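# Inside the fold
Here's the letter readout for the chains.
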Amino acid sequence: MAALPGAPSLAELQTSAEAGCIHAQCALGDMLFERGDEAAASAVWRQAIGLSVLRRQAASGGAARLVAAPAGHARDVAAPAALRVGVIGCGPSGLIVLKECLDRGFACTAFEQGSRIGGAFATAYEGAQLTSSSVITAFGCHSDGREASPTFWSAEDYVQYLQAFERRFGLTKHVQCGSTVEAARRDEHGAWIVDVVVGGEGGGAHREQHTFDALAVCSGLHQECPAPAWPAWAEPYVTAGAAGPCRVLHSSQFRRAADFAGQRVLVVGLGEAGSDLSLAIAKAGAAHVAISTRANGPGAVVGRWATADEPADLQTSRANMAEAWGPKEYHWLWKSVLQSAKGSPREAELVRTALGAARQPPTFDELERDAMAWNHRHRNLPFSRFGTKNFAFLEAIRYHGAAQVGEVRQLLPDGQLMLADGTRCAFDAVVCCTGYESSFPFFERHMPDLARAAGDARTRFKHMLCPAFGATLAFVGFARPAFGAVPPMSELAARYWAALLAGELTLPSHAAMIDAIARDRAAETRFFERDAGRLTALCQYRTYLDDLAALLGCLPRLPLLRANHASVWHRVKRSALCAAQFRLHGPGASEEAWLSMARMPLPRARRQPRCAVAAKVKALAEFDEDEDGDHAWLWSNHPPPPIAASLRAQAAAPSPEKATVAERATERAAQHARWLEPIAVACDAPVEELAAAIEQSGGVLRLVGAGVGAPYEATGALFDGVIARHAQLGLGVSSEAGRLERGLSWKGRWPWLSQPGQNADQKRVLDYAFGHSELGAHEALPPALAALAAEPLAFLDAVMHGRLSTLHEALARVTRCAALRTEAHSLKYRLSDYMAHGGAPCGAEAPRPLRCAEHRDYGTMALIFDGGVPGLEVLRDGAWYLVKPSADDAILMLGWATHIRSNGRVSAPTHRVRDVGAELREDTATPSAGAIPRRLSLVAFSSPPPQARLAPEGLREGEAAHFRASVAGSAHAQALRAHKMI
């Protein structure tokens, strides 16, 4: 947690903490953790929690029973009855359900068919490795303490993690291994009757019958092995040791790659198992390995690792670049990489764009290039298809002699396989990595309709609850993300179900659940258009987690974290979307989760990729609207004033002189600064919401979150570099507007260097203009400035390519101008440096208050990033209003061309930039008091192309046109531009 200027010292915090100040205790814990003393931090946080509990008990007048939770969410509940809960399956989903139910005092029994817990992981083949990293796979309530060094667990490593989880929470005595659920049914009283076969074969088995009030099905997605759809195929799968001209086995029967040494092997299917097995068999000495996949290929192919020590799924975050990219952007990147020569400057620039400066040397390796070629050829997009999250099959092809063949059409009687192109191939073994189907044989005898319907997870509320059975039956573990991990999704589902059973939450009405199921099905089918039909469990990772967290009330409260816990806030936003995020606030919150999040690694600082929007940021203020009031300050929605201010106020009251200065400053601000708060909309809002906001905006709109990551520091360094270069060339800093070598135009002028009274802008400007939306601003720069300009211009590239089409679509709806959807817009980037200074030199005219003269923008729109420094003013009703600044947002300012095309319905505001420092500083009694602050801004302009027709569009019947038609590049339009735009 970064210390603010004037923040209290460790000793001051300790003094206030000992006096019982909860807020000081929480801040002290943060400071101790930042210093590496986790034990002391935990003790202080625990003390803060305890104080809050005591205060709440005192306020309520009793010593109520409290469910274990952080102070802000301790709740009074009656001890639940001994609800009987059955759990089928003891993989990760079954274990987390068992833990959550036991936490609430339920009488639980879990049945595991295998000889040990772990589900499919306990029976995985030799050398099997997970495709999600340890930080995203772990439960939020059970950290391994190694978040700072993420890895990819082997299947056996993960089983050991689950066994440690079982021991820690005392689950062992509630688990019956070697128990197969034979049948399950509901009796006339609503109870669930479960028939179980316990023990092995050969006479040692016996049957048991159990009765439960609620039943959780956690048998997992890996149940039924579908047979190949090949004509003449009538044989069941055989094991690798069976005789015959061609042995065919499913991946679930695969045990060791060494068993296939010297054999000709065909691997069918290129999911994650197929990819890993093809490499394992090839490396084990197989005579030949061929890989067959369906015509449309596998899903999106990405690697496990982004760098040598950074898992790729760290980018599965709330600021996920992958979700921000669109089809055109991905295919642009892939095509550009494939067309660039290896080791060329162009490739180096693409590496920095996609992976950041950390990659050294700046080149894509061969497997990355192969993956891009594969994805480009099959039109695979990471956010809309299931993922093959390893490069193993590409490595097998490139380095171990494996070959890709066509789709298998038929298994011939002589054991040969006929491919789609008619080719016949002979193999010794065929390994079918064709996935699994959900199967519920225990429902087939008594509840066949349920057994059939349960195969489609999208028939259930949040993939888990059947409306007909309410909360008495839950399917947990049947939500599968394209990218992400199943355990965090199962954890949220388990927590939600346990809360329903305990009466802590209420299930939505039957009609509401049916509506939600229909909405989710439509959204998932549309989003995963190519895979939704055959993968019914497939869903969006973040959407699913946040939906359940919203029902539970445990969404991370981002505004609160940002204000009080900057380190954790950065990790919630930027690091992997893990289960611990949902234990920071609300029911189930714990100090262990805070420690886990504080240890989470951050992806390396990366350039915002060209053709991608900056990190998608949602305005999450609604998470902070709970008015419960029974919260400790650590989890409070309304934290008190900053600790530093509180302690200073306790130490000494402000002097009368200071109070007078403050009063004068407040009075001046009220007189001179009318604040304008534009209509706000999330930067990634849908088109409909954006269009509605534009219609009501008066031409000025705030895009919340669009400015996160804007490189103001780099922009300042760029101007400093340009000034230094001018000094080297002897040009000075006040040269007239002109060209700055290649790529950027430059102008910079001070009023006192001009004639007295001249209206000159107090700024330096770097412009880059290009005629259409094929972006590449910094590539045209001279080498001396390319490195400095790359970051701000790439940021603007990202914003414009990520949001331009959406903004134009919204404007097209508002203006009724269809051309906005199709015309090739002229784009210009402007970087401005409103320089800091201490006033005019002695004897010169005092600086004018304007830093940029009043004007209207000529084009379609402008996106303004102000760095959080005030100064932008908008003219409304004859008065100037100061727009409230925000470093994390962008201001959308509509231009004159949009005003014309809308026939005046949409305004093009007159605006300016003014030095307001004198009005907002505390004391301006003397002319030299307080320097005028530096204000850096990044602006992206979009204008119609020169040949575009400017005229009112979509006029309604009887509506008169208020502007005559012109061409954007005509003399009339240029004259208009000269009068309306600087």
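Remember, predicted model here, so these are calculated numbers, not experimental data.

So, how was this worked out
Residues numbered from 1 in each chain as written. Predicted model: local features only at pLDDT ≥ 70, side-chain atom pairs only at ≥ 80, totals over all residues. Heavy atoms only, no water. Helix = DSSP H or I, 4+ residues; strand = E, 2+ residues; numbered from the N terminus. Buried < 20%, exposed > 50% of the residue type's maximum accessible area, 1.4 Å probe, protein only. Areas by Shrake-Rupley, 256 points an atom, 1.4 Å probe, with all protein chains shown as cover. 1 Å grid on protein atoms, 1.4 Å probe; cavity = no way out; pocket = protein on both sides within 12 Å on 5 of 7 lines; lining within 4 Å. Points joined across faces, edges and corners; volume = space filled by probe spheres on them. Nonpolar A, V, L, I, M, F, W, Y, C, P; charged D, E, K, R; others polar. Pairing = 2+ DSSP bridges. Axes fitted to C-alpha atoms, helices over the stretch in contact; angles between N-to-C directions. Parallel < 35°, antiparallel > 145°, perpendicular 65-115°, else oblique. Left-handed = near helix turned anticlockwise from the far one by under 90°. Contact = heavy atoms within 4.5 Å. Salt bridge = Lys/Arg side-chain N within 4 Å of Asp/Glu carboxyl O. Core = buried A, V, L, I, M, F, W, Y, C linked by side-chain atoms within 4.5 Å. Polar contact = N/O pair within 3.5 Å; in protein donor to acceptor, adjacent residues only side chain to side chain. Phe/Tyr/Trp six-rings, centres within 6.5 Å; stacked < 30°, edge-to-face > 60°. Lys NZ or Arg CZ within 6 Å of the ring centre and 35° of its normal.

Below, the discussion takes up the overall build of the protein. When helices and strands are counted, the protein shows 28 helices and 38 strands. Going through the 982 residues of the protein one by one, you find that 55% of them count as buried. Counting every atom, the protein has about 40300 Å² of accessible surface; 53% of that belongs to carbon and sulfur.

Once that is clear, we can look at empty space enclosed by the protein. Vacant regions in the atomic arrangement are exposed by a probe of water-molecule size rolled over the atoms. With the rule as written, the count across this model stands at 7 cavities of 30 Å³ or more. Of the pockets and cavities examined, the second largest cavity occupies roughly 110 Å³. Taken together, 15 residues form the lining of the second largest cavity, with V135, A138, F139, E147 and S596 sitting closest to its centre. Taken together, the residues of the lining of the second largest cavity sort by class into 8 nonpolar, 5 polar and 2 charged.

Even without a glycine there, the phi angle at R816 is positive, about 65°. You can see R816 is positioned in the loop between α25 (783-815) and β29 (826-834). R816 sits in the partly exposed class, given a relative accessible area of 25%. Phi at N903 is positive, roughly 60°, even though this residue is not glycine. The exposure class of N903 is buried, given its relative accessible area of 4%.

Attention now moves to the sheet that holds strand β8 (residues 247-250). Strands sit in the order β8-β19-β9-β10-β15 across an open sheet of 5 strands; the sheet is parallel. Of all the strands in the sheet, just β8 and β15 (403-405) have a single pairing partner and so form its edges. On average, each strand axis in the sheet is tilted by 25° relative to the strand beside it, whichever way the strands run.

Two numbers describe how helix α4 (residues 92-103) lies on helix α6 (residues 155-168): the axes approach to 11 Å, and their chain directions differ by 10°. Put simply, α4 runs roughly parallel to α6. The two elements α4 and α6 cross, and the hand of that crossing is left-handed. From α4, P92, L95, I96 and K99 reach across to α6, where they touch Y158, L162 and F165. Taken together, the residues of the contact of α4 with α6 break down into 6 nonpolar, no polar and 1 charged.

What follows is about the sheet that holds strand β4 (residues 179-186). Strand order in this open sheet of 3 strands is β4-β5-β6, and the pairing throughout is antiparallel. Bordering the open sheet on either side are β4 and β6 (206-212), each of which pairs with just one other strand. The sheet shows a mean angle of 20° between the axes of neighbouring strands, direction not considered. Here β4 runs beside strand β5 (residues 192-198); their pairing, made up of 7 bridges, is antiparallel. Each residue of the ladder has a partner; that of V181, found in β5, is V196.

Glancing now at the pattern of salt bridges. Across all of its chains, the model carries 41 salt bridges by this definition. The partner of R821 in a salt bridge is E809, with the nearest N and O atoms 2.7 Å apart. One end of the pair, R821, is in the loop between α25 and β29; the other, E809, is in helix α25, and 12 residues separate them in sequence. Its salt-bridge partner being E959, residue R905 comes within 3.5 Å of it at the nearest N-O pair. Of this pair, R905 sits in the loop between α26 (896-901) and β35 (911-914) while E959 sits in the loop between β37 (949-950) and β38 (966-967), and the two are 54 residues apart along the sequence.

The subject of this paragraph is the nonpolar core. Counting 74 residues, the largest nonpolar core has V85, V97 and W497 as the members making the most contacts within it. Counting residues per element, this core draws most heavily on helix α15 (residues 486-501), at 9 residues. Residues in contact with V97, not counting those within four places in the same chain, are V87, A216, C218, V476, A494 and W497. By size, the runner-up hydrophobic cluster in this structure holds 45 residues, among which are C683, A691, A706 and L796.

Along the chain, G477 turns up in the loop between β20 (473-475) and β21 (480-481). Classification of G477 as buried rests on a relative accessible area of 13%. Sequence spacing of G477 and A493 is 16 residues, and the spatial spacing of their C-alpha atoms is 8.2 Å. Residues contacting G477, with those up to four places away along its chain left out, are S93, L221, V486 and S490.

So, on to the side chain of R702. Mapped onto the elements of the fold, R702 is located in strand β25 (residues 700-704). Residue R702 is classed as buried on the basis of its relative accessible area of 5%. Ignoring sequence-local partners within four residues, the contact set of R702 consists of E677, P678, I679, A680, V681, V883, K884, P885, S886, D889, A890 and I891.

Glancing now at the pairing of strand β32 (residues 872-876). With 3 bridges joining them, β32 and β35 adopt antiparallel strand pairing. Its bridge partner being in β35, V874 is matched across the sheet by H911. Pairing geometry for β32 and strand β33 (residues 879-883), over 4 bridges, is antiparallel. Bridge pairing in β33 places V874 opposite Y881.

Turning to the environment of R256, a few remarks are in order. Looking at where R256 falls in the secondary structure, it is placed in the loop between β8 and β9 (264-268). By relative accessible area, R256 is classed as partly exposed at 37%. Taking the C-alpha atoms as reference points, R256 and I281, 25 residues apart in sequence, are found 8.6 Å from one another. Separated by 3.1 Å, the side chains of R256 and D259 make a polar contact.

Here the focus is helix α10 (residues 345-355). Across the 11 residues that make up α10, a large majority, 8, are buried. E347, A348, E349, L350, V351, T353, A354 and L355 are the residues of α10 that are buried.

What follows concerns the packing of helix α7 (residues 272-283) against helix α12 (residues 392-399). Between two packed helices, the angle of one axis relative to the other and the distance separating the axes together describe the packing. The N-to-C vectors of α7 and α12 enclose an angle of 35°; their axes lie 6 Å apart at closest approach. Crossing hand, α7 versus α12: left-handed. Touching S275, D276, S278, L279 and A282 of α7 are A392, F393, E395 and A396, all from α12. Of the residues that constitute the contact of α7 with α12, the class distribution is 5 nonpolar, 2 polar and 2 charged.

For any pair of aromatic rings, the description consists of the separation of the ring centres together with the inter-plane angle of the planes. Overall, the coordinates contain 21 aromatic pairs when judged by the stated rule. Taking 6.3 Å as the distance between ring centres and 55° as the angle between the ring planes, the aromatic pair formed by W192 and F443 counts as tilted. Taken together, the residues span a long stretch of sequence, with W192 in strand β5 and F443 in helix α13 (residues 441-444) at a distance of 251 residues. Note on W192: relative accessible area 0%, which makes it buried. Overall, the relative accessible area of 0% leaves F443 in the buried class. Summarising the aromatic geometry, the rings of F442 and F443 are spaced 4.9 Å apart at their centres and angled 65° between planes, so their arrangement reads as edge-to-face. Under the relative-accessibility criterion, F442 is labelled buried at 6%. Above the plane of the ring of F483 lies K389, whose end atom (NZ or CZ) is 5.2 Å from the centre. Positioned above the aromatic ring of F475, the side-chain terminus of R460 is 4.1 Å from the ring centre.

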